[in-house]
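Fold and geometry: a report
If you want the building blocks of each chain, they are given just below.
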Amino acid sequence: MEETFDVIVIGGGVIGCAAAYFLSANTSFNGSVLVVEPDPAHTHASSTLSASSLRTQFSNSLNIQISQYGYDFISHFHDLMSVNGDRPFLKFHEGGYLFLAKSDLQVEIMRQNNSVQLANNADVVLWSTSELANAFPHLNSTDIKLASYGKSGEGWFDNVGFLNGFKRKAQDLGAKFLKDEVVGFNKNKKVLESINLKSGKKICSGHFVNATGARAAEIAGYAGIDVPVAPRKRTVFVFDCANSPQGSASVNNGALPLMVDNSGVYCRPEGSFFISGCVPKNDVDVDYNDFTPNYCEFDDIIWPALANRSKYFEAIKVKNYWAGHYAYNIFDQNMILGCHPEVKNFYFANGFSGHGLQQAPATGRALSELIIHGAFRSLDLSPFCFDRILEKKPFLEKAIV
Ligand SMILES: Cc1cc2nc3c(=O)[nH]c(=O)nc-3n(C[C@H](O)[C@H](O)[C@H](O)COP(=O)(O)OP(=O)(O)OC[C@H]3O[C@@H](n4cnc5c(N)ncnc54)[C@H](O)[C@@H]3O)c2cc1C
């Protein structure tokens, strides 16, 4: 007899584990859940290579609401994911984001985004040049026309604890995890029936979830489906700063928030160090196995931008660096969520384009609702559905970092 599960989740990164948790925790669902993951150490998963930050500073109401739910969920994570009294704390550091606008176009977009954020009760303020200079006197603000700062509800947290917390709780609630790799599907007309695994096994199911991150297109291809998601390399640098910059004690206790410079370079505190990154000059799809960091980005892009922004960043030293893959949605840089319009028992949760960690709680919950009820029950995420790709109607989000 072939093994059968009600739901098979392909990929055990944060999205797959969140889906397994929300399915298993839902009292309306008595089914069985299997998560297939070839690398339980998550050596190359985006989830473990992430900058692990959460913001409400998006331009689209839905992305703001998804992050607000993510914030709320993360704030209660230790209780929600408690197993046998073991409560995983994610050390959420509510340091905020600080976006800097220099050009008239950046200013205009920042103002538009701010009005959407305020309409969604995000705790974000706009600062003039002098207000920015008062808050962070060490920043060179002369060329900055407007800044946007998240006073609360934004910050960074422990990504590995996040992934493991979901996984452990899902297992505790009955989800099974299998170390193997999906290498194909068996189909009956437009219905998926089973997966083929690298080990030679075949496992049947009624519902299949593609949660394979940057490899989403490869797995979709096994079912004959095109999905516009490709790996794009992002190198993260950890650096030490001889003299740590201190702002006004009245704002964020003087610590730098996650600053997104007008150049696109970002930087935030990480313990006693800082982490930083940028969009590569030549941002192209890379090979699935190419994780070689682009070291030259530090010297060519990051250091000049940071040294220009603060004199404290003139003397910095790289301590560590790594490269991860954004699961980049080439079509509109936002997640693709829900079942395929034709292959209706194949669900997608892909293409997060650099903001998927914070979206894991809302995505896992939404997937469970779609599978159990056939519709979104809490937050209506239908604008992210697969149909938009086929209909060529992009989901509009202006704040992609
Ligand atoms: C450098 C960097 C910085 C980032 N910063 C942030 C941030 O600050 N905030 C934020 O919200 N997001 C951020 N992100 C994005 C975020 O990390 C991702 O969107 C999120 O982790 C995606 O999770 P996932 O589960 O979809 O993918 P992954 O974590 O990549 O997991 C996918 C899993 O699928 C498995 N898999 C692949 N092929 C198969 C197969 N054939 N069979 C079975 N399993 C398979 C893989 O082994 C992998 O473990 C960042 C990403 C990077 C790379």
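Basis of the calculations
- Residues numbered from 1 in each chain as written.
- Predicted model: local features only at pLDDT ≥ 70, side-chain atom pairs only at ≥ 80, totals over all residues.
- Heavy atoms only, no water.
- Helix = DSSP H or I, 4+ residues; strand = E, 2+ residues; numbered from the N terminus.
- Rg over C-alpha atoms; globule rule 2.2 N^0.38 Å.
- Buried < 20%, exposed > 50% of the residue type's maximum accessible area, 1.4 Å probe, protein only.
- Contact = heavy atoms within 4.5 Å.
- Lys, Arg positive; Asp, Glu negative; His and termini not counted.
- Charge placed at Lys NZ, Arg CZ, Asp CG, Glu CD.
- Polar contact = N/O pair within 3.5 Å; in protein donor to acceptor, adjacent residues only side chain to side chain.
- Near = heavy atom within 4 Å.
- Areas by Shrake-Rupley, 256 points an atom, 1.4 Å probe, with all protein chains shown as cover.
- Expected span 1.5 Å × (residues − 1).
- Salt bridge = Lys/Arg side-chain N within 4 Å of Asp/Glu carboxyl O.
- Phe/Tyr/Trp six-rings, centres within 6.5 Å; stacked < 30°, edge-to-face > 60°.
- Lys NZ or Arg CZ within 6 Å of the ring centre and 35° of its normal.
- Core = buried A, V, L, I, M, F, W, Y, C linked by side-chain atoms within 4.5 Å.

**Observations regarding the overall build of the chain**
The helix and strand inventory of the chain stands at eleven helices and 18 strands. For the chain, the C-alpha radius of gyration of 21 Å lies close to 21 Å, the compact-globule estimate for 401 residues. The principal-axis extent of the C-alpha atoms belonging to the chain is close to 70 × 45 × 40 Å. Expressed as a percentage of its 401 residues, the buried residues of the chain come to 56%. Within the chain, residue pairs in contact and separated by at least 24 positions form 75% of the contacts whose partners lie at least 6 positions apart. Of the side chains in the chain, 35 bear a positive and 40 a negative charge, and the two mean positions are spaced by 1 Å.

**Here's the deal with the environment of valine 279**
As for its position among the elements, valine 279 is in the loop between β15 (273–277) and α9 (296–309). Considered as a pair, valine 279 and valine 401 are 122 residues apart in the sequence and their alpha carbons are 7.8 Å apart. Filtering out sequence-adjacent residues up to four positions away, valine 279 remains in contact with Arg234 and Ile301.

**Quick notes on the environment of asparagine 60**
Along the polypeptide, asparagine 60 turns up in the loop between β3 (53–54) and α3 (61–75). Put simply, asparagine 60 and phenylalanine 5 are 55 residues apart on the chain and 37 Å apart in space, counted from C-alpha to C-alpha. When residues no more than four places from it in sequence are discounted, the contact partners of asparagine 60 are Val116, Phe395, Leu396 and Glu397. Within the structure, asparagine 60 has its side chain in polar contact with the backbone nitrogen of leucine 62 (distance 2.9 Å).

**What to know about the site of the ligand**
Taken together, 35 residues lie around the ligand, and Glu37, Ser46, Ser47, Ser53 and Gln358 are the ones closest in. At 2.9 Å from an oxygen atom of the ligand is found a main-chain nitrogen or oxygen belonging to serine 46. The backbone of serine 53 places a nitrogen or oxygen atom 2.8 Å from a nitrogen atom of the ligand. Burial of the ligand by the protein amounts to 94% of the accessible area it has alone, namely 1,000 Å².

**Notes on α9**
Since there are 3.6 residues in each turn of an α-helix, residues three or four apart along the chain are aligned in direction. End to end, α9 covers 19 Å across 14 residues, agreeing with the expected 20 Å (1.5 Å per residue, within 8%). Where α9 is concerned, the buried positions are Glu297, Phe298, Ile301, Ile302, Ala305, Leu306, Ala307 and Arg309. Among the structural elements, β4 (97–101), β12 (229–241), β13 (258–260), β14 (266–270), β15 and β16 (316–329) are those in contact with the buried residues of α9.

**Quick word on the pattern of salt bridges**
The full count for this structure, using the stated rule, is 19 salt bridges. A salt bridge links lysine 202 to glutamate 2, with the shortest nitrogen-to-oxygen separation between them at 3.5 Å. Of this pair, lysine 202 sits in strand β11 (residues 202–210) while glutamate 2 is found in the segment before β1 (3–10), placing the two residues 200 residues apart along the sequence. Lysine 202 gets classed as partly exposed once you look at its relative accessible area, which sits at 35%.

**Quick word on the packing of aromatic side chains**
Applying the stated criterion to the full structure yields 30 aromatic pairs. An angle of 50 degrees between the planes, with centres 4.5 Å apart, marks the rings of phenylalanine 346 and phenylalanine 348 as tilted. Across the pair, phenylalanine 348 and phenylalanine 346 agree in class, each one buried. We note arginine 234 situated over the ring of tyrosine 326; from NZ or CZ to the ring centre the distance is 4.5 Å.

**Here's the deal with the nonpolar core**
In this structure, Phe162, Phe166, Leu337 and Leu381 are the most contacted members of the largest nonpolar core, which totals 50 residues. Those elements giving two or more residues to this core turn out to be β1, α1 (14–25), β2 (33–36), α3, α7 (159–172), β18 (346–350) and α10 (360–373). Examining the composition of this core, we find that nine residues originate from one element, α1, more than from any other. Not counting the four nearest positions on each side in its chain, leucine 381 is found in contact with Leu62, Ile66, Met335, Leu337, Ala362, Ala366 and Phe376. Counting 28 residues, the second largest nonpolar core, distinct from the first, contains Leu98, Ile144, Phe239 and Leu256.

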